[in-house]
There are 2 protein chains.
Amino acid sequence: MTETPPTAAVLLIGDELLSGRTRDINLQQIATYLGPLGIPVVESRTVSDVQASIVKAVNDLRAEYTYVFTTGGIGPTHDDITADAIAAAFGVGIGEHPEVIAMLAERYAEMKTEFTPARRRMARVPHGASLVANPVSGAPGFQMENVFTLAGVPQVARAMLEDIGPRLRTGAVVHKVTIRGVGLREGDIAEPLGALAVEMPNVSFGSYPWFRSVGDNGVHLVASTIHPDLIDTIVERLEAIISATGVTPERLTEEAG
Amino acid sequence: MTETPPTAAVLLIGDELLSGRTRDINLQQIATYLGPLGIPVVESRTVSDVQASIVKAVNDLRAEYTYVFTTGGIGPTHDDITADAIAAAFGVGIGEHPEVIAMLAERYAEMKTEFTPARRRMARVPHGASLVANPVSGAPGFQMENVFTLAGVPQVARAMLEDIGPRLRTGAVVHKVTIRGVGLREGDIAEPLGALAVEMPNVSFGSYPWFRSVGDNGVHLVASTIHPDLIDTIVERLEAIISATGVTPERLTEEAG
């Protein structure tokens, strides 16, 4: 029996993301971390700090994707309700985790800072969850079955991914190639590019125009495939499509993922 | 009969957002535009360039919220499938809009650029939709009942909002106040802030820590309310909470929305 390729969803939690106060960067950094592991992010949602909204999104996403990564709402303040929402989504209780209490007590003692009831909130973890290490600021995230709950602060979320990576089932690595044409317009290459996409169904082709000012505009063509042996052909074909318009193609540095 | 307050959802469409290639800014600019109109964004989703995914998200969101704003996927290339997906979501046909064909034909003639079949794709609009003007690059967005379809390029999406604004039912404007404490930690103010949130249920209080380096860290406290007469009290109370920790509170410039 072949396992299906792993997939991921990201659930961003926080009023500040929906009010426009904060521009999210966690989706991008989670996607960039998972890409080289062969785990594509297939959907993302952003919800506010309302328990019913979080519960519904968690339950929708964990049923549909291999992994779910949440960010935000695990701090010490009254609007940090993610741990309770995850417990509610799984229908389990929640309580202080002895290991986290011990760790935070030691940390705050070292900082000569009072370990207040609010700070103890950060030790509350759904029953049955395992911990996710936070080497940046101490208070951990946690894993509940296929759902990983991370902090919202980007530096902390990024660090937590390192502890999660080894727990994940990896998939086929996606190889990417990007070729750009300065001054190119999408309409100039849309037809041959569409024909190439039909001809090479194992490859995903994307076309991304940019426009900063006249002269600093153009199109990036991006091809993604799990078949590295196709890369040379892809490059040749994309370069030919761009060259045919009179623009000189430029291959950008490649990254796996 | 009182109408319920308007709400909005944002649907971001594009593989590049989920692969990490591109960091979205459209959610933030849509939220920032709608805030002063009293239309809060309550949910956002990001899906890839797959028709079934777009259709499901559009139908989920348009049933639940007053307005839905989509971005991305309305260009000339093969991966631009948003118009078809919207037509499928509404169960209507799609075809070239004569007004758009005339406008684009004139535009490309002026630019001495061939009006190719690929470029004609940008004139395809679901049956029954009305147009949304694009003063930046010509090819319009469209409105289908309560769903507005915008371009993905941020400058274009922003310009399209100006044409949409007058069509929207506005709500009560949210007034915000932000007070920060440099060096403050969330755990220092979590308890009195939580108590204040209970005491003032008409006000939403958020607490947002930042950490760039030692000395350049602290917490922003943000209060939002549709009752402007509460602002003075809110400021006084938040300043008192911060001052009690020994930190000097700083009120930041206020913006409605």
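Worth saying up front: this structure is predicted, and the values here are computed from it rather than measured.

**Re helix H7 (residues 154-164) of chain B**
Line of reasoning, step 1. Among all positions of H7 of chain B, only Val156, Ala157, Ala159, Met160, Leu161 and Ile164 of chain B are buried.
Line of reasoning, step 2. Buried residues in H7 of chain B make contact with helix H2 (26-34), strand S3 (67-71), strand S6 (130-132), strand S7 (141-144) and strand S8 (147-150) of chain B.

**Here's the deal with the interface of chain A and chain B**
Line of reasoning, step 1. At the interface, 58 residues of chain A touch 58 residues of chain B.
Line of reasoning, step 2. Buried surface at the junction of chain A and chain B, both sides included, amounts to about 4400 Å², of which 48% is carbon and sulfur.
Line of reasoning, step 3. Put simply, chain A and chain B have two salt bridges between them.
Line of reasoning, step 4. A salt bridge links aspartate 188 of chain A to arginine 119 of chain B; its shortest N-O distance comes to 2.8 Å.
Line of reasoning, step 5. For the side of chain A that touches chain B, the elements supplying multiple residues, two or more each, are helix H1 (15-18), helix H2 (26-34), strand S2 (41-47), helix H6 (117-120), helix H8 (186-199), strand S10 (204-213) and strand S11 (216-225) of chain A.
Line of reasoning, step 6. Relative to strand S2 (residues 41-47) of chain B, S2 of chain A runs antiparallel, the two sharing five bridges. Residue pairing in the sheet places threonine 46 of chain A in a bridge with serine 44 of chain B of S2 of chain B.

**With respect to the pairing of strand S1 (residues 8-13) of chain B**
All names here are of chain B.
Line of reasoning, step 1. Burial within S1 is extensive, with six of its six residues counted as buried.
Line of reasoning, step 2. Relative to S2, S1 runs parallel, the two sharing six bridges. The residue of S2 that forms the bridge with alanine 9 is glutamate 43.

**As for the packing of aromatic side chains**
Residues and elements named next belong to chain A.
Line of reasoning, step 1. Summed over all chains, the structure comprises six aromatic pairs over all chains.
Line of reasoning, step 2. Seen in terms of ring centroids, phenylalanine 69 and phenylalanine 148 are 5.3 Å apart; in terms of plane orientation they differ by 15 degrees. Their pairing is stacked. With phenylalanine 69 in strand S3 (residues 67-71) and phenylalanine 148 in strand S8 (residues 147-150), the pair connects residues that are 79 residues apart, well separated along the chain. In terms of burial, phenylalanine 69 and phenylalanine 148 fall into one category: buried.
Line of reasoning, step 3. A ring pair is formed by tyrosine 108 and phenylalanine 115, whose centres lie 5.5 Å apart and whose planes are at 25 degrees; its orientation type is stacked.
Line of reasoning, step 4. An aromatic cluster of three or more residues is present, and its members are Tyr67, Phe69 and Phe148.
Line of reasoning, step 5. Positioned over the ring face of phenylalanine 90 is arginine 62, at 3.8 Å from the centre of the ring.

**A closer look at the UniProt feature "domain: MoaB/Mog" (unreviewed entry) in chain A**
Line of reasoning, step 1. Mapped onto this structure's residue numbering, the UniProt feature "domain: MoaB/Mog" (unreviewed entry) falls at residues 9-171 of chain A.
Line of reasoning, step 2. As annotated, residues 9-171 of chain A has a helix share of 39% and a strand share of 21%, and its two end C-alpha atoms lie 15 Å apart.

**Considerations on the relation of the copies chain A and chain B**
Line of reasoning, step 1. Of the transformation superimposing chain A on chain B, the axial component is 0.0 Å and the angular component is 180 degrees, with the fit at an RMSD of 0.0 Å. These values place the two chain copies in the arrangement generated by a two-fold rotation axis. Across chain A, the rotation axis passes nearest the C-alpha of arginine 45 of chain A, at a separation of 2.1 Å.
Line of reasoning, step 2. Comparing interface residues between copies, 100% of those in chain A also lie at the interface in chain B; the contact surface is shared.

**A short note on the packing of H8 of chain A against helix H9 (residues 231-243) of chain A**
Residue and element names in this part refer to chain A.
Line of reasoning, step 1. Contact geometry of H8 with H9 gives a least axis separation of 9 Å together with a crossing angle of 160 degrees. Taken together, H8 and H9 sit at an angle that is classed as roughly antiparallel. Here H8 and H9 pass one another in a crossing that is right-handed. On H9, the residues that touch Ile189, Pro192, Leu193, Leu196 and Glu199 of H8 are Arg237, Leu238 and Ile241.
Line of reasoning, step 2. Its residues placed into classes, the contact of H8 with H9 shows six nonpolar, no polar and two charged.

**Considerations on the sheet that holds strand S9 (residues 175-182) of chain A**
Residues and elements named next belong to chain A.
Line of reasoning, step 1. Sheet architecture is open: four strands sit in the order S10-S11-S9-S12, paired in antiparallel fashion. The strands lining the two open edges of the sheet, one partner per strand, are S10 and strand S12 (249-251). Between one strand axis and the next, the sheet turns by 25 degrees as a mean value, whatever way the strands run.
Line of reasoning, step 2. Both S10 and S11 contribute to a ladder of nine bridges, which runs antiparallel. Residue phenylalanine 205 lies in a different strand from S11, and its bridge partner there is alanine 223.
Line of reasoning, step 3. Its contacts with the sheet place H9 against S9, S10, S11 and S12, and it is angled at close to 15 degrees to S9.

Here is what the cut-offs are and how they apply
- Residues numbered from 1 in each chain as written.
- Chains lettered and ligands numbered in written order.
- Predicted model: local features only at pLDDT ≥ 70, side-chain atom pairs only at ≥ 80, totals over all residues.
- Heavy atoms only, no water.
- Buried < 20%, exposed > 50% of the residue type's maximum accessible area, 1.4 Å probe, protein only.
- Helix = DSSP H or I, 4+ residues; strand = E, 2+ residues; numbered from the N terminus.
- Contact = heavy atoms within 4.5 Å.
- Buried area = accessible area lost by both parts, 1.4 Å probe.
- Salt bridge = Lys/Arg side-chain N within 4 Å of Asp/Glu carboxyl O.
- Pairing = 2+ DSSP bridges.
- Phe/Tyr/Trp six-rings, centres within 6.5 Å; stacked < 30°, edge-to-face > 60°.
- Lys NZ or Arg CZ within 6 Å of the ring centre and 35° of its normal.
- UniProt positions renumbered as here; feature names shortened; annotations may be inferred.
- Least-squares fit on C-alpha atoms with pLDDT ≥ 70 in both.
- Axes fitted to C-alpha atoms, helices over the stretch in contact; angles between N-to-C directions.
- Parallel < 35°, antiparallel > 145°, perpendicular 65-115°, else oblique.
- Left-handed = near helix turned anticlockwise from the far one by under 90°.
- Nonpolar A, V, L, I, M, F, W, Y, C, P; charged D, E, K, R; others polar.

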